[in-house]
Amino acid sequence: MPPQPADSVPTPRAARPVLGPPQIAGLLIVAASAVLVGHWLSRIDPAWLVPLGFDPRQMPAPPRAWGMDDPWRTLFAPLGVASALALALRGLPRRPWAQALALSLLLAFTLRYLLWRITTVGGGEGLGPLLAVPMLITEVLYLTHRLFPFAPALLFDPRHRRRQADHLMADPAVAQMPVDVWIPVDNEPERLVRRALLTTRQLDPAPASVTLIDLTGRPEIVRLANDLGAAVISADPGESRVALMNKMLTAGGAPLIAMFDGNFMPLRPFLRRTLGFFTDDRVAMVQTPQRHFQSEFWNRNLGVDLVMPGNRDTFFHYLEVIRDRCNAVLGCGTSWIARRSALVDAGGFLGAAGRIEDQQTSARLLTRGWRLVYLDEILSLGEPPHTFAAYLQQRLHGIQGELQTFLMPRQLPIWSRLGTWPRCFYLDQALGLLTPLLRTLYLVLPLLALMLSVPLINAPLIVAIAYALPFLILYHSVPSWLSNHHFTPFWHEIHEALFAFPALARLPQMLRHPFRALPEDDPTTAERRFGQSLNPRLAWPFLLLLLLLIGTLLVHYAPAMLPDASLIPTPPYQGESANLLWNLYNGWVLLVCLLCCIDQPVRQGGDRVPLNRRGRLDVGGQPLGGHTGDVSESGVSFLLDGGGPAPAGGDGWLVLEQPAVRLPVRLVRHGPGGLAGLEFRPMDAATNTVLLNLLYGGGVDLPAPRQPGGLTALRSLMGGLWRAEPILRRY
């Protein structure tokens, strides 16, 4: 596969059409009809419900104890305590006493809020209670799922395993442990597979063997592996990844197996940092986090890729660390190393639907009494999904794997074999399967309440502020602080909303056939785009809900702006202000999600790494000194000394001093100030290995996990919405 020019734009592909006039007209008709029906229903007397045994007009009023008799006790004191703690967290040391204090206040204010919410579902008129009760249940389930992982927050110490690794790697016997490296390849591009194979050759200590597991039978991949000295095992027609890996497992080999997907590459110290844990005979697997050098699509689309973390940052840098302390680590499919005998003892790799074996296999190891270790250290890098559709396909495979884990009671006796904390984590994981439904209800129920003019929170606005605002302040500050800012509620709500509707659409199929492979989407929806594109099939729920919200606001509040507004009856109701604020917040979430769905072009042929290396550019027989600016697998920017003009275009060589390497290049552009854009010409495997080691082998600032606080996350999302780069930026 020829390298792409540095900063060049590849030949554009035909993009899927964005929403055209027919789709826009259809959504407008649906939205207008729904708004008018809701407006009509809001004017109907609810007496027709009495024969059914339910009269909303007779629901009990909120208890007086939850009112506003004492503003100081109800509003100002709780608000002051919550605000003081949120501000103090900026300077509090992360010590057990401070963590216990913050966690106790968070749980106390959460309980206070939920007890008050129970009192606000009664006393409404019309259809209010029919929406308020499901909304309350949704809040209870969602907050339980979100806050449970912070109950053992005092155990959070990511440096614990790193210190262990530092100590264990000093043992000389560790370097003598033989390891087989497996690289399963499905539909990954040849460029990524080549990178994975080359970087495994640089592992320290060297692996006993490297085997490429060919799942698709592509001849070019087999030739690539043969050229680079790797063994190849190809799947038979109809043979799944799980079946092939189990066949390899029983065929024998080194006592340890390291696994990297075809789009991941190990960094040089991967084995040196993980092998020491296997001196403990109880350890079956060491899992490391997955990390992408480039930003995920939604961060890049919104223009906050330098600030916001990836969608699984909380899982890899908080949840897995906590689960490790309770021996409940989840396998993640790649970037792990395992003991062959432990896998054989567990009956091999478990899984169905063709390719999902990570979570089931790790759960099986736990139920067999083995120890799983999680080392929170970036020891591999991968390629992220570049489009909304590709991301969704990846996440749907993940949620199907989680569902299968709970539908295999004989193979995975989780509830009878594991301890209390591991069972609690799996229970919370099962509750997490409801997140798409809960997030959808969070978006839809407040909109229905506003359309029907019924309260979800039957209380005056000042009372709602007194109970909700202190809780929200702590909810958006304490968990973020406890997790070392790896959890940002604002950003999680965006992630959940992006995934909610596609997951609900696939959920019935998963429930009917949980062990059948999901149908793959049209490949054109999952490939790199070189122009802005919006997938209507994935974005229409957000656009429809936005249109419904705008139409409802116009119907309910625009008449008040007319000259003779007194002629139009718009009776207010208790809880209307809370409904309005809730829907305005949801509208902001929907708008951010819609902008995230507009995929931006991917112009780079590879990861750009800022590297300042002295060298000499020799093009057309004219040697010129200078230094590199940034380097990728496909090209390099080179700044000439003195800002002199670059030579005429043509083929040549870039000779670097450190490391000493001669790279074949082609001059593709030259800009002001002596900046030359070079693309790499085809190079041999040895030179390519040196280039990859220069990029990823150390001495480079690898992407550290981003850790924004709650206010930083909110400012970033608001800024991304204000700039509207997916719409206004042109390429």
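Provided above is the structure to which this section pertains.
Description of the structure in this document. (Residues numbered from 1 in each chain as written. Predicted model: local features only at pLDDT ≥ 70, side-chain atom pairs only at ≥ 80, totals over all residues. Heavy atoms only, no water.)

Regarding its fold elements, the protein presents 25 helices and 18 strands. Expressed as a percentage of its 731 residues, the buried residues of the protein come to 55%. In the protein, 80% of the contacts between residues at least 6 apart in sequence involve partners at least 24 apart. Looking at the protein as shown, the accessible area adds up to about 30800 Å², and 62% of this sits on carbon and sulfur atoms. (Helix = DSSP H or I, 4+ residues; strand = E, 2+ residues; numbered from the N terminus. Buried < 20%, exposed > 50% of the residue type's maximum accessible area, 1.4 Å probe, protein only. Contact = heavy atoms within 4.5 Å. Areas by Shrake-Rupley, 256 points an atom, 1.4 Å probe, with all protein chains shown as cover.)

It is worth spelling out the side chain of T361 at this point. Checked against the element boundaries, T361 lands in helix α13 (residues 358–367). For T361, a relative accessible area of 2% corresponds to the buried category. A distance of 3.0 Å separates a polar side-chain atom of T361 from the backbone nitrogen of L350. Beyond its immediate stretch of four places on either side in the chain, T361 contacts L343, G348, F349 and L350. (Polar contact = N/O pair within 3.5 Å; in protein donor to acceptor, adjacent residues only side chain to side chain.)

With mixed pairing, seven strands are arranged side by side in an open sheet as β3-β2-β1-β4-β7-β6-β8. Bordering the open sheet on either side are β3 (231–234) and β8 (371–374), each of which pairs with just one other strand. Averaged over all neighbouring strand pairs, the angle between strand axes comes to 20°, with direction disregarded. Across six bridges, strand β1 (residues 179–185) lies against strand β2 (residues 209–214) in parallel orientation. Note that in β2 the partner of V185 across the bridge is D214. Where helix α11 (residues 313–325) meets the sheet, its contacts fall on β6 (283–287) and β8, and the angle it forms with β8 comes to roughly 150°. (Pairing = 2+ DSSP bridges. Axes fitted to C-alpha atoms, helices over the stretch in contact; angles between N-to-C directions.)

This part covers the nonpolar core. With 84 residues, the main nonpolar core has W116, W182, F349, L365 and V478 as its most contacted residues. Among all residues touching W182, those that are not within four sequence positions of it are T211, I213, M245, M248, L249, I257, A258, M259, F260, R340 and F349. Of all hydrophobic cores here, the second largest spans 61 residues; its members include V174, L267, F278 and V665. (Core = buried A, V, L, I, M, F, W, Y, C linked by side-chain atoms within 4.5 Å.)

Once that is clear, we can look at the pattern of salt bridges. The final tally for this structure, using the stated rule, is 24 salt bridges. The salt bridge partner of R195 is E383, with a shortest N-O separation of 3.8 Å. With R195 in helix α6 (residues 190–200) and E383 in the loop between β9 (380–382) and α14 (388–405), this pair connects stretches of sequence that are 188 residues apart. For the pair formed by R195 and E383, the shared burial category is buried. (Salt bridge = Lys/Arg side-chain N within 4 Å of Asp/Glu carboxyl O.)

What follows covers the pairing of strand β4 (residues 256–259). Alternating residues of β4 divide into L256 and A258 and I257 and M259, and every residue in both groups is buried. Two strands pair when backbone bridges link them, and β1 and β4 are joined in this way by four bridges, in the parallel orientation. Paired with D180 across the two strands is I257, which belongs to β4. The sheet contact formed by β4 and strand β7 (residues 336–339) spans four bridges and is antiparallel. Each bridged residue has a counterpart across the sheet, and for L256 the counterpart in β7 is R339.

On to unusual backbone geometry. That bond from D204 to P205 is cis: its omega, 0°, falls within 30 degrees of zero. Positionally, P205 belongs in the loop between α6 and β2. At the junction of Q658 and P659, the peptide bond is cis and its omega measures out at 0° in the coordinates. Here P659 shows up in the loop between β16 (651–656) and β17 (661–670). Non-glycine residue N327 carries a positive phi angle of around 50°. Examined against the element boundaries, N327 turns out to sit in the loop between α11 and β7. For S453, which is not glycine, the phi dihedral falls at a positive 55°. Looking at the secondary structure, you find S453 in the loop between α17 (435–452) and α18 (461–475).

What follows deals with the packing of aromatic side chains. One pass over the structure, following the stated rule, counts 21 aromatic pairs. Here the aromatic rings of Y142 and Y442 are separated by 5.3 Å at their centres, their planes lie at 75°, and the arrangement is edge-to-face. Placement of the pair is Y142 in helix α4 (residues 128–147) and Y442 in helix α17, with a sequence separation of 300 residues. We note that Y142, like Y442, is buried. Arranged with centres 6.4 Å apart and planes meeting at 45°, the rings of Y442 and W582 form a pair that is tilted. (Phe/Tyr/Trp six-rings, centres within 6.5 Å; stacked < 30°, edge-to-face > 60°.)

Applying the stated criterion across every chain, the model contains zero disulfides. In this structure C326 is a free cysteine whose sulfur lies 9.2 Å from that of C424, the closest cysteine sulfur available. Judged by its relative accessible area of 13%, C326 is buried. (Disulfide = S-S within 2.5 Å.)

Our focus in this paragraph is empty space enclosed by the protein. One pass over the structure, following the stated rule, counts seven cavities of 30 Å³ or more. As a volume, the second largest cavity reaches approximately 90 Å³. Contributing to the lining of the second largest cavity are 11 residues, with T199, Q202, P266, L692 and N693 lying nearest its centre. Breaking the lining of the second largest cavity down by element, the ones donating at least two residues are α6 and α23 (685–696). No other element matches the four residues that α23 contributes to the lining of the second largest cavity. Its residues assigned to classes, the lining of the second largest cavity comprises five nonpolar, five polar and one charged. (1 Å grid on protein atoms, 1.4 Å probe; cavity = no way out; pocket = protein on both sides within 12 Å on 5 of 7 lines; lining within 4 Å. Points joined across faces, edges and corners; volume = space filled by probe spheres on them. Nonpolar A, V, L, I, M, F, W, Y, C, P; charged D, E, K, R; others polar.)

With 18 residues, α14 extends 26 Å between its outermost C-alpha atoms, agreeing within 8% with the 26 Å of an ideal straight helix rising 1.5 Å per residue. Counting buried residues along α14, 15 of its 18 residues qualify, which places the element largely inside the surrounding structure. (Expected span 1.5 Å × (residues − 1).)

Attention now goes to the packing of α17 against helix α20 (residues 489–512). Where α17 contacts α20, the two axes come as close as 8 Å, and the packing angle between them is 105°. Here α17 lies roughly perpendicular to α20, going by the angle between them. Contact with α17, carried on its side by T435, P436, L437, R439, T440 and L443, involves E493, E496, A497, F499, A500, F501, A503 and L504 of α20 and no other residues of that element. The residue makeup of the contact of α17 with α20, split by class, is nine nonpolar, two polar and three charged. (Parallel < 35°, antiparallel > 145°, perpendicular 65-115°, else oblique.)

Attention now goes to the environment of E496. Its place among the elements puts E496 in helix α20. On the accessibility criterion, E496 (7% relative accessible area) is buried. Distance from E496 to L438, taken between C-alpha atoms, is 9.3 Å for residues 58 residues apart in sequence. Not counting the four nearest positions on each side in its chain, E496 is found in contact with Y142, R146, T435 and R439. Polar contacts involving the side chain of E496 include one to the side chain of R439, which spans 3.0 Å.

Attention now moves to the environment of Q290. In this structure, Q290 sits in the loop between β6 and α10 (297–302). The sequence separation of Q290 and D313 amounts to 23 residues, and the corresponding C-alpha distance is 9.2 Å. Discounting chain neighbours no more than four positions away, the residues touching Q290 are F264, F316, C332 and T334.

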